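Residue strings, one per chain:
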Amino acid sequence: MSELLMRLGWTSVQSAVLVALVWGVCRLLPQLPAATRCRLWWLVAAQAVLGLFWSSPLELAVLPAPAAVTAPAMALPAFDAAVQAAPVAYAAAAVDTATMAWSWPSLLLALWAAGVLLMLVHSLRGYRASRALVRSATECTDAGLQQALQLAAEAHGLRRSPQLKLSAQIRSPQLIGPWRPVLLLPARELPMMSADDLDMALTHELIHLQRRDLWWGLLPALSQHLFFFHPLVHVAAREYALAREEACDGAVVAGHDHCRHDYGRLLVQLGVAPRPAVGVASASPNLRSLKRRLLTLQQTRSMPRVAALAITALFVVIGVAPLRLVAAPPPPAPPQAPVAPNAPMPPTPLPAPAARPVPAPVHAPDPMPAPEPLPAPEPPAAPAAPEPPKDLDDGMSFVTHGQLNITRQPAQAFVLIGGESNFVDASVADLKQARRDAGNDQPALWVRRGQDRYLIRDPAVLKALGHAQTEVAALGTAQAELGNRQAAIGQQIAAASLQVTSDALAAVDVSAVVNSAIRDAGLDAAVEADRAARQGARQSRAAASAASQAAREARTASARAVDARQIALVAREQAELGKEQARLAQQQSVASARAVRNVRTAIDQALASGKAERVRN
């Protein structure tokens with residue numbers, strides 16, 4: 001019910017804007033062809049009908065977002081158990097209140113349905129009158145007239161000509177349809193009409209059939225029925241009918257400038273006659289439309305066809321699709337992993353691996369002391385888990401979800417209370433006051449409008465709002481899981497980095513020992529040349545030891561390369577998790593804004609139906 005009323009309201013506003021745009025274009029471009037103006041006014045009716053029946057309109061986030069600080073996203077508690085524990089007596093009282101008084105939305109919907117029904121009854125009466133007019137008419141027995149009508153229908157590309165009848169109750173030719181169209185000719189005026197006049201009148205009605213105006217005209221009629229309360233929709237339907245007649249007039253005189261005067265004289269001769277309920281007539285419904293048709297016949301300049309089609313396409317793109325203006329979502333907060341009150345502590349970082357043993361250096365005179373190994377870096381400290389909000393009121397501890405204004409107090413506020421969690425669009429002072437008014441242990445929807453405070457405890461309303469937060473809660477849980485995965489990946493990166501650092505330090509120590517052994521072996525060969533034979537075996541062992549150490553160093557370098565690749569892969573995974581968490585944050589912002597709109601709609605309905613209990617100071 002509320003959704004239907006909302007669609008009626010938004011569509012009425014969009015229709016008013018579209019009518020203003022079409023009217024302005026027709027005024028600024030008087031050379032716009034009548035067929036194009038007919039299409040533009042028909043698009044107004046199409047927009048009205050689509051706006052009412054389109055289930056998912058396009059939302060334009062152009063309204064300013066509320067200036068509020070978004071509280072950390074926490075999953076709302078399950079409202080079902082709390083709602084089921086509500087007092088049964090209150091539920092019975094709420095049912096009694098609902099049966100005693102009608103709400104404003106239901107009253108407005110009933111008035112709208114009654115108006116549509118009255119319009120439908122009026123249209124049915126007109127349809128029955130038109131069919132009675134057709135039944136009372138007599139068949140045309142003039143073979144020449146029948147043959148002329150058949151030839152004219154074939155010339156206009158019609159597969160079959162309409163049924164031709166004569167009626168003494170009309171004064172101008174009328175085409176009744178759209179099912180089994182019948183062309184009625186005035187029995188009294190027919191003998192006084194010249195052959196050219198009769199040909200132009202029949203051509204006008206056949207052009208209506210060629211353009212399928214009887215079928216296209218059903219949509220503007222439907223829009224008038226659904227939006228009977230909207231005067232601009234009626235204006236659009238009237239302008240469409242007038243532009244449709246002008247388009248047929250232009251098609252009759254197209255390429256025959258000499259017959260414009262004769263056709264204008266025919267329009268004056270036919271005069272003014274009521275428009276059929278389900279058909280079209282050559283005569284004008286009033287003097288204003290007759291004057292406009294005569295003035296349109298005098299225009300010989302026309303806009304290029306390409307420009308007219310471009311204008312029509314522009315209105316189709318910007319005007320027909322149902323639109324809704326919504327508030328822009330607040331900017332997403334920096335990605336962070338929300339932690340529940342009972343979240344597990346982060347894993348303890350792995351200890352740094354012990355330094356690898358280094359073989360003793362080869363015996364040589366005056367060996368150089370090996371450098372002391374550098375101390376391994378300390379592992380990074382694990383980030384401390386954020387603590388939940390505490391002691392907002394009388395030592396209580398609970399979490400909030402939604403928009404919590406820290407610096408100012410908005411004119412309107414609400415707090416949806418459920419256990420120790422709250423869904424809010426309020427200030428800190430409002431949050432404290434809501435917990436006090438609700439008793440701190442009962443589920444309720446606390447509302448403030450200016451200085452007036454209300455409590456809504458209807459179990460159906462609370463249950464519907466509790467279920468409405470399922471998407472927001474799921475997004476919060478997903479963000480928490482991503483945060484835990486990012487923390488685990490960070491620990492893996494820290495451990496791998498420590499391993500690479502330890503391997504590098506061990507490689508430095510081994511290289512120093514190998515270089516010292518080679519340098520000592522070279523000094524011994526230079527100083528004690530006479531002992532070359534005896535020292536040859538020792539130098540060979542030193543070279544073999546150096547080669548062994550070089551092989552170990554190569555293996556260590558290969559291991560470092562593998563560790564570096566693993567670190568790069570893990571870092572890439574962590575970056576992807578960061579992007580996913582940012583996307584979830586954006587979705588959570590949009591879902592939270594949608595949930596706020598649902599809560600505000602429920603508040604308006606509860607205030608209108610009397611389900612809201614005013615809190616006395």
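Everything that follows concerns the structure shown earlier in this document.
Structural notes, computed from the coordinates. (Residues numbered from 1 in each chain as written. Predicted model: local features only at pLDDT ≥ 70, side-chain atom pairs only at ≥ 80, totals over all residues. Heavy atoms only, no water.)

### Focus: the pattern of salt bridges
The criterion, for reference: By definition, a salt bridge exists where a carboxyl oxygen of Asp or Glu is found within 4 Å of a side-chain nitrogen of Lys or Arg. Elements are defined by DSSP. Helices are runs of H or I of four residues or more, strands are runs of E of two residues or more, and each kind is numbered from the N terminus. Each residue is assigned to one of three classes by its accessible area relative to the maximum for its type, calculated with a 1.4 Å probe on protein chains only: buried under 20%, partly exposed between the two thresholds, exposed over 50%.
Applying the stated criterion across every chain yields a total of eleven salt bridges. Its salt-bridge partner being R288, residue E239 comes within 3.7 Å of it at the nearest N-O pair. Note that E239 is positioned in helix α10 (residues 231-253) and R288 in helix α12 (residues 287-297), a separation of 49 residues in sequence. What makes R288 partly exposed here is its relative accessible area of 47%. In this structure, the salt-bridge partner of D249 is R293, at a minimum N-O distance of 2.7 Å. Separated by 44 residues along the polypeptide, D249 in helix α10 and R293 in helix α12 bring together distant segments of the chain. No difference in accessibility class separates D249 from R293, as the two residues are buried. A single salt-bridge network, built from bridges that share partners, covers R37, E239, E246, R288 and R292.

### Considerations on the sheet that holds strand β4 (residues 163-167)
Short version of the rule: Here, a strand pair is defined by DSSP locating no fewer than two bridges between the strands. Residue contacts are counted whenever heavy atoms from the two residues lie within 4.5 Å of one another. Here an angle of 0 to 180 degrees is reported between the N-to-C directions of two axes, which are lines fitted to C-alpha atoms, with helices fitted over the stretch in contact.
Read across the open sheet, the five strands follow the order β3-β4-β6-β5-β7; overall the sheet is mixed. The sheet terminates laterally at β3 (138-139) and β7 (279-281), the two strands that pair on one side only. Sheet analysis places β4 next to strand β6 (residues 182-186), joined by five bridges and oriented parallel. Among the inter-strand pairings, K165 is bridged to a residue of β6, identified as L184. This element, helix α5 (residues 104-136), spans β3, β4, β5 (174-176) and β6 of the sheet and lies at about 110° to β5.

### Thoughts on the environment of D458
Its place among the elements puts D458 in the loop between β13 (452-456) and α15 (459-468). Taking relative accessible area as the criterion, D458 reaches 7% and is therefore assigned buried. Taking the C-alpha atoms as reference points, D458 and A612, 154 residues apart in sequence, are found 8.4 Å from one another.

### Remarks on the environment of V182
If you trace the backbone, V182 turns up in strand β6. Its relative accessible area of 2% is what places V182 among the buried residues. Distance from V182 to L164, taken between C-alpha atoms, is 6.1 Å for residues 18 residues apart in sequence. With residues up to four places along the chain from it excluded, the contact list for V182 reads V134, Q163, K165, Q174, L175 and I176.

### Here's the deal with the pairing of strand β12 (residues 444-449)
Most of β12 sits inside the fold, with five of its six residues counted as buried. Remark: two residues form the turn of the hairpin made by β12 and β13, two consecutive strands paired antiparallel; G450 in that turn has positive phi of roughly 70°.

### Section: the nonpolar core
Put simply, the rule is: Here, the term nonpolar core denotes a set of buried Ala, Val, Leu, Ile, Met, Phe, Trp, Tyr and Cys residues that are joined through side-chain atoms within 4.5 Å.
The biggest cluster of nonpolar side chains holds 34 residues, and the ones touching the most others in it are L145, L164, L185, L202, L206, Y263 and L266. At the level of elements, α6 (143-155), β4, β6, α7 (195-211), α10, α11 (260-270) and α12 are the ones that each hand at least two residues to this core. A total of seven residues in this core trace back to one element, the largest contributor, which is α7. Setting aside chain neighbours within four positions, we find L145 in contact with C140, L164, L185, L190, L198 and L202. Counting residues in each nonpolar core, the second largest holds 20 residues, with L18, V22, L43 and A46 among its members.

### Let's talk about the side chain of R131
Note the threshold: For this count, His and the chain ends are skipped, Lys and Arg are scored as positive, and Asp and Glu as negative.
By the element assignment, R131 lies in helix α5. The charged side chain of R131 is buried without a salt bridge, its nearest counter-charge being E139 at 10 Å. Here R131 is in contact with I176, W179 and R180, once residues within four sequence places are set aside.

### Looking at α6
The condition is simple: Helix span, as expected, comes to 1.5 Å for every residue beyond the first. The arc in question is traced by the directions running from the helix axis to the C-beta atoms.
For α6, with 13 residues, the first-to-last C-alpha span of 18 Å sits near the 18 Å given by 1.5 Å per residue. Those residues of α6 that sit buried are L145, L149, A152 and A153. The buried residues of α6 occupy an angular sector of 100° when projected down its axis, which confines them to one face. Exposed and oriented more than 90 degrees from the buried face of α6 are A143, Q147, L151 and A155. Where the residues of α6 are buried, they touch β4, β6 and α7. After α6 finishes, the residue G157 shows a positive phi value of roughly 80°.

### Let's talk about the packing of α7 against α11
What counts here: Each angle receives one of four descriptions, namely roughly parallel if under 35 degrees, roughly antiparallel if over 145, roughly perpendicular if within 65 to 115, and oblique otherwise. Here the term charged refers only to Asp, Glu, Lys and Arg, the term nonpolar to Ala, Val, Leu, Ile, Met, Phe, Trp, Tyr, Cys and Pro, and the term polar to all other amino acids, Gly among them.
The contact between α7 and α11 brings their axes to 10 Å, and the two run at 80°. When the axis of α7 is compared with that of α11, the two are roughly perpendicular. Residues D197, M200, A201 and H204 of α7 form the contact with α11, whose own contacting residues are D262, Y263, R265, L266 and Q269. Along the lines of polarity and charge, the residues of the contact of α7 with α11 split into four nonpolar, two polar and three charged.

### Considering the packing of helix α9 (residues 218-226) against α10
Stated formally: In a left-handed crossing the near helix is turned counterclockwise from the far helix by less than a right angle, and in a right-handed crossing that turn is clockwise.
Contact geometry of α9 with α10 gives a least axis separation of 9 Å together with a crossing angle of 160°. By the angle class used here, α9 and α10 are roughly antiparallel. Where α9 crosses over α10, the two elements pack in a sense that is left-handed. Seen from α9, the contacting residues are P220, S223 and Q224; seen from α10, they are V233, H234, A237 and Y240. Tallied by class, the residues present in the contact of α9 with α10 amount to four nonpolar, three polar and no charged.

### Quick notes on the packing of aromatic side chains
Formally: We call Phe, Tyr and Trp rings a pair once their centres come within 6.5 Å, taking the six-membered ring for Trp, and we label the pair stacked below 30 degrees between planes, edge-to-face above 60, and tilted otherwise.
In total, this model carries four aromatic pairs according to the counting rule given. Seen from their ring centres, W42 and W216 are 5.1 Å apart, and the 85° between their planes marks the pair as edge-to-face. Taken together, the residues W42 in helix α2 (residues 34-53) and W216 in helix α8 (residues 213-216) connect sequence positions 174 residues apart. Relative accessible area serves as the criterion here: at 44%, W216 is assigned to the partly exposed category. Relative to W215, the ring of W179 lies with its centre 5.6 Å away and its plane at 80°, an arrangement referred to as edge-to-face. In this pair, W179 is assigned in the loop between β5 and β6 and W215 in helix α8, connecting sequence segments 36 residues apart. For W179, a relative accessible area of 46% puts it in the partly exposed group. Of the aromatic side chains, those joined through ring pairs into one cluster are F227, F228 and F229.

### Description of α5
If you check α5, its first and last C-alpha atoms are 48 Å apart, about what 33 residues at 1.5 Å a residue would give, namely 48 Å. Taken residue by residue, α5 has P105, S106, L109, W112, G115, V116, G126, S130, R131, L133 and V134 as its buried positions.

### Section: the side chain of R293
Overall, the relative accessible area of 2% leaves R293 in the buried class. For R293, the residues in contact, after removing those within four places along its chain, are H204, L242, E245, E246, D249, Y263, L267, S282, A283 and S284.

Note that every value here comes from positions in space, so none of it alone points to a role or purpose.
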